[in-house]
Amino acid sequence: MKTICGIDCNECGLKEECGGCKETNGHPFGGSCMIAECSNSNGCTDCSKSCSSACKLKAQLIEEFNALGIEDMEKVTNLNALNGSFVNLEYTLASGQTIKFWDDNRVYLGNQICKKNSNRCYGLTADENYLLVCEYGENGTEPEIIVFKKR
C-alpha cells in the first residue's frame, strides 16, 4: 500500500483495520489523518513519496514540543503517525471527572520518550490545534497531564 506520509503499510499489524491511506482517500480507520489533511491542503497528490508539507508540520511540532522546556524530558527528535486508540488515554481530573482528549479513529503525530532518571515515560501527541504531554507508567498506567495547550 502506498501512503501520503511514507509509512510502509506492509509492516503494520493494523493494515486491515486501517484500510490504507490511498485507498481511503486519507481517512484511515474511518477517521481523519492530520498528515493526509496537511498534505492534501498543500496540493500533495503523489502518495508514493512523503510530502514536504507533512515534513514541515512534523518539524514545527517537534520545535513546539521542545520549546515547552519540560526538565526531565529528553529532546524530541521525531514524531510518528499514531492511531488515536493507542494514545487516547483516560485522565482523571481533580474534580473526579474522567476525560479523553483524542478520537480513537483519527491519526495523530506523537512519540513516547523516557523520563530521565525514572521508570515512567512521557507521551506526546499533537493535532492541528493542540499539544498534549502526559506522563505514565508501564503500558500507559496512571497517566497524568503535564501540558495540554492550544497551538
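I will try to describe carefully the structure that is included in this document. (Residues numbered from 1 in each chain as written. Predicted model: local features only at pLDDT ≥ 70, side-chain atom pairs only at ≥ 80, totals over all residues. Heavy atoms only, no water.)

Notes on the nonpolar core
Quick reminder of the rule: Buried residues of nine kinds, namely Ala, Val, Leu, Ile, Met, Phe, Trp, Tyr and Cys, make up a nonpolar core once their side-chain atoms join them within 4.5 Å. Think of it in three bands: with a 1.4 Å probe and only protein chains considered, a residue is buried below 20% of the maximum accessible area for its type, exposed above 50%, and partly exposed in between. Working definition: helices are DSSP H or I runs of at least four residues, strands are E runs of at least two. Numbering for both runs from the N terminus. Contacts: residue pairs with any heavy atoms within 4.5 Å of one another.
Core analysis: the largest hydrophobic core is formed by 17 residues, its most contacted members being Leu61, Phe65, Met73, Val76, Leu79, Leu124 and Val133. Here the element with the most residues in this core is helix H3 (residues 52-67); it accounts for 4 residues. What Leu124 contacts, discounting residues up to four positions off in sequence, is Phe65, Met73, Val76, Leu109, Gly110, Asn111, Ile113, Leu132 and Val133. With 9 residues, the next largest nonpolar core counts Val87, Leu89, Trp102 and Cys121 among its residues.

Description of unusual backbone geometry
At Asn117, a residue that is not glycine, the phi angle is positive and equals roughly 55°. With relative accessibility at 84%, the residue Asn117 sits in the exposed group. Even without being glycine, Glu142 reaches a positive phi, approximately 50°. Mapped onto the elements, Glu142 comes out in the loop between strand E6 (130-136) and strand E7 (144-150). The class of Glu142 is exposed, set by a relative accessible area of 60%.

Notes on the packing of aromatic side chains
Given two aromatic rings, their pairing is described by the distance between the two centres and the angle made by the two planes. The test is simple: Aromatic pairing here means that ring centres of Phe, Tyr or Trp (its six-membered ring) are within 6.5 Å. Orientation follows from the plane angle: under 30 degrees is stacked, over 60 is edge-to-face, and everything else is tilted.
Applying the stated rule across the entire model yields 5 aromatic pairs. On the basis of an interplanar angle of 55° and a centroid distance of 5.6 Å, the ring pair of Tyr91 and Phe101 is categorised as tilted. With a gap of 10 residues between them, Tyr91 in strand E2 (residues 91-92) and Phe101 in the loop between strand E3 (98-99) and strand E4 (107-114) connect regions that are remote in the sequence. The interplanar angle of 70° and the centroid separation of 6.4 Å between the aromatic rings of Trp102 and Phe148 together place this pair among those described as edge-to-face. Placement of the pair is Trp102 in the loop between E3 and E4 and Phe148 in strand E7, with a sequence separation of 46 residues. The buried category is assigned to Trp102, whose relative accessible area is 8%. Connected via pairs of aromatic rings, a cluster forms that spans Tyr91, Phe101, Trp102, Tyr108, Tyr130 and Phe148.

Concerning the side chain of Thr125
Mapped onto the fold, Thr125 is located in strand E5 (residues 121-126). With a relative accessible area of 4%, Thr125 lands in the buried category. Apart from residues lying up to four places away in sequence, Thr125 is in contact with Phe65, Val87, Trp102, Tyr108, Leu109, Gly110, Tyr130, Leu131 and Leu132.

Some remarks on the environment of Cys134
Secondary-structure assignment places Cys134 in strand E6. Accessibility expressed as a relative area gives 3% for Cys134, which makes it buried. The spacing of Cys134 and Glu144 is 10 residues in sequence and 5.4 Å in space, taken between C-alpha atoms.

Quick notes on the pattern of salt bridges
For the record, the criterion: Note on definitions: salt bridges are taken to be side-chain nitrogens of Lys or Arg within 4 Å of carboxyl oxygens of Asp or Glu.
Evaluation of the coordinates by the stated rule reveals 7 salt bridges. Ionic pairing is found between Arg106 and Asp127, a salt bridge with its closest N-O pair at 3.8 Å. Of this pair, Arg106 sits in the loop between E3 and E4 while Asp127 is found in the loop between E5 and E6, placing the two residues 21 residues apart along the sequence. Of the two residues, Arg106 and Asp127, neither departs from the other in class, the shared state being buried. With a closest N to O distance of 2.6 Å, Glu135 and Arg120 form a salt bridge. Of this pair, Glu135 sits in strand E6 while Arg120 sits in the loop between E4 and E5, and the two are 15 residues apart along the sequence. Here the two residues Glu135 and Arg120 agree in accessibility, since each one is buried.

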